[in-house]
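Survey of secondary and tertiary structure
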Amino acid sequence: MNSKLFMQAITKVLSGIILVGLLLFLPAGSFSYWNGWLLIGILFIPMIVAGFFMMKKSPELLQKRLNAKEEQSEQKAVVVLSGVMFIASFIVAGLNFRFGWIVLPNWIVYAAAVVFLLGYILYAEVLRENAYLSRTVEVQENQKVIDNGLYGIVRHPMYMSTFLLFLSMPLVLGSVISFVIMLVYIPIISKRIRNEEQVLENGLEGYSDYKKRVKYKVIPWVW
């Protein structure tokens, strides 16, 4: 096992847990915010398991995803806007718990947790199907168009999985207001996809033909 890669991955996960905990429990004013613990569990436990699997089966892919940094200014703006969206959503969810603004029934929270885990499973399948999958918008050396599996249904199945993950997350936290904030993800990801497809059409052979064969971007028969 690559010890340097292992430490880098563990550091990122621990940093993520601490950051999410601060954003949730400080506004909540209490560690009894059980929705926060539920989200941390379903978010980071599968992430750790997937990280160990990738470290064993595909350390290059793990390394690439850990070190990914956007180079295009347009995509940097997308990353910043996404960060602001998450911070606002988490803080509002904590405040919603503290002040009891809108309390969702537990069955909605648990149903959202199931949807979140389904989104994780879908994301794992995308990673399995596409060895070229990157966190940044780029065309890699020797990259080929993937058009089977989920990529035969929609052109961006990774974003389909993130839709499930991100839109279920505020409901796991029990906050309708946070869900409304997370809807900002739709125009954000639309902007990213538009730029990404321009890059792929210009730099990836066969992508224009692939777009003609697979009509839908993210949601089958809808978008």
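Quantities reported herein were computed from a predicted structural model and do not represent experimental measurements. (Residues numbered from 1 in each chain as written. Predicted model: local features only at pLDDT ≥ 70, side-chain atom pairs only at ≥ 80, totals over all residues. Heavy atoms only, no water.)

For the protein chain, mean pLDDT is 87; residues scoring 70 or higher make up 87% of the total. The least confident element of the protein chain is helix 3 (residues 59-66), whose mean pLDDT is 66; the most confident is helix 7 (residues 176-182), at 97. (pLDDT = per-residue confidence, 0-100. Helix = DSSP H or I, 4+ residues; strand = E, 2+ residues; numbered from the N terminus.)

The residue Ile17 is located in helix 1 (residues 3-28) in this model. For Ile17 and Ile40, which are 23 residues apart along the polypeptide, the C-alpha to C-alpha distance reads 7.0 Å.

Moving on, we get to the pattern of salt bridges. Within this structure, the stated rule accounts for 5 salt bridges. Its salt-bridge partner being Glu125, residue Arg128 comes within 2.8 Å of it at the nearest N-O pair. Of this pair, Arg128 and Glu125 both sit in helix 5 (residues 106-129), separated by 3 residues, roughly a single helical turn. Residue Glu125 is classed as partly exposed on the basis of its relative accessible area, which comes to 25%. Lys211 is the partner of Glu197 in a salt bridge, and the nearest nitrogen-oxygen pair spans 3.6 Å. A residue pair is termed long-range when its members are at least 10 positions apart, and Glu197 in helix 8 (residues 185-203) and Lys211 in helix 9 (residues 207-213) qualify at 14 residues. With relative accessibility at 22%, the residue Lys211 sits in the partly exposed group. Salt bridges sharing common partners tie together Arg155, Glu197, Glu201 and Lys211. (Salt bridge = Lys/Arg side-chain N within 4 Å of Asp/Glu carboxyl O. Buried < 20%, exposed > 50% of the residue type's maximum accessible area, 1.4 Å probe, protein only.)

This part takes up the environment of Leu200. Here Leu200 lies in helix 8. Taking the C-alpha atoms as reference points, Leu200 and Val145, 55 residues apart in sequence, are found 9.4 Å from one another.

Positioned with a positive phi, Trp221 is a non-glycine residue whose angle comes to about 65°. Position of Trp221 among the secondary structure elements: in the segment after helix 9.

Right, let's get into the nonpolar core. In this structure, Leu39, Phe90, Phe116 and Met169 are the most contacted members of the largest nonpolar core, which totals 51 residues. Secondary structure elements with two or more residues in this core: helix 1, helix 2 (34-57), helix 4 (73-99), helix 5, helix 6 (157-172), helix 8 and helix 9. Here this core gets 9 residues from one element, more than from any other, and that element is helix 6. Other than its neighbours up to four places away in sequence, Met169 contacts Leu39, Phe86, Phe90, Phe116 and Met182. (Core = buried A, V, L, I, M, F, W, Y, C linked by side-chain atoms within 4.5 Å. Contact = heavy atoms within 4.5 Å.)

In this section: the packing of helix 2 against helix 5. Helix packing geometry: the angle between the two helix axes and the distance between the axes. Running from amino to carboxyl end, helix 2 crosses helix 5 at an angle of 15°, the nearest separation of the two axes being 11 Å. Judged by the angle between their axes, helix 2 and helix 5 are roughly parallel. Taken as a pair, helix 2 and helix 5 cross one another with a handedness that is right-handed. Between helix 2 and helix 5, the residues in contact are Trp34, Asn35, Leu38, Leu39, Ile42, Leu43, Pro46, Met47 and Met54 and Asn106, Val109, Tyr110, Ala113, Phe116, Leu117, Tyr120 and Leu127, respectively. Each residue belonging to the contact of helix 2 with helix 5 can be placed in one class, and the counts come to 15 nonpolar, 2 polar and no charged. (Axes fitted to C-alpha atoms, helices over the stretch in contact; angles between N-to-C directions. Parallel < 35°, antiparallel > 145°, perpendicular 65-115°, else oblique. Left-handed = near helix turned anticlockwise from the far one by under 90°. Nonpolar A, V, L, I, M, F, W, Y, C, P; charged D, E, K, R; others polar.)

Turning our eyes to something else, we now look at the packing of aromatic side chains. Tallied over the full model, the rule gives 14 aromatic pairs. Relative to Trp37, the ring of Phe25 has its centre 4.7 Å away and its plane inclined at 35°; by these criteria the two rings are tilted. Here Trp37 lies in helix 2 and Phe25 lies in helix 1, a separation of 12 residues in the sequence. Among the residues examined, Trp37 registers a relative accessible area of 45% and is labelled partly exposed. Arranged with centres 5.4 Å apart and planes meeting at 90°, the rings of Phe116 and Tyr120 form a pair that is edge-to-face. Taken together, the residues Phe116 and Tyr120, both in helix 5 and 4 residues apart, mark about one turn of the helix. Grouping residues by exposure puts Phe116 and Tyr120 together as buried. Ring pairing ties together the aromatic residues Phe86, Phe90, Phe163, Phe166, Tyr185 and Trp223, which thus form one cluster. (Phe/Tyr/Trp six-rings, centres within 6.5 Å; stacked < 30°, edge-to-face > 60°.)

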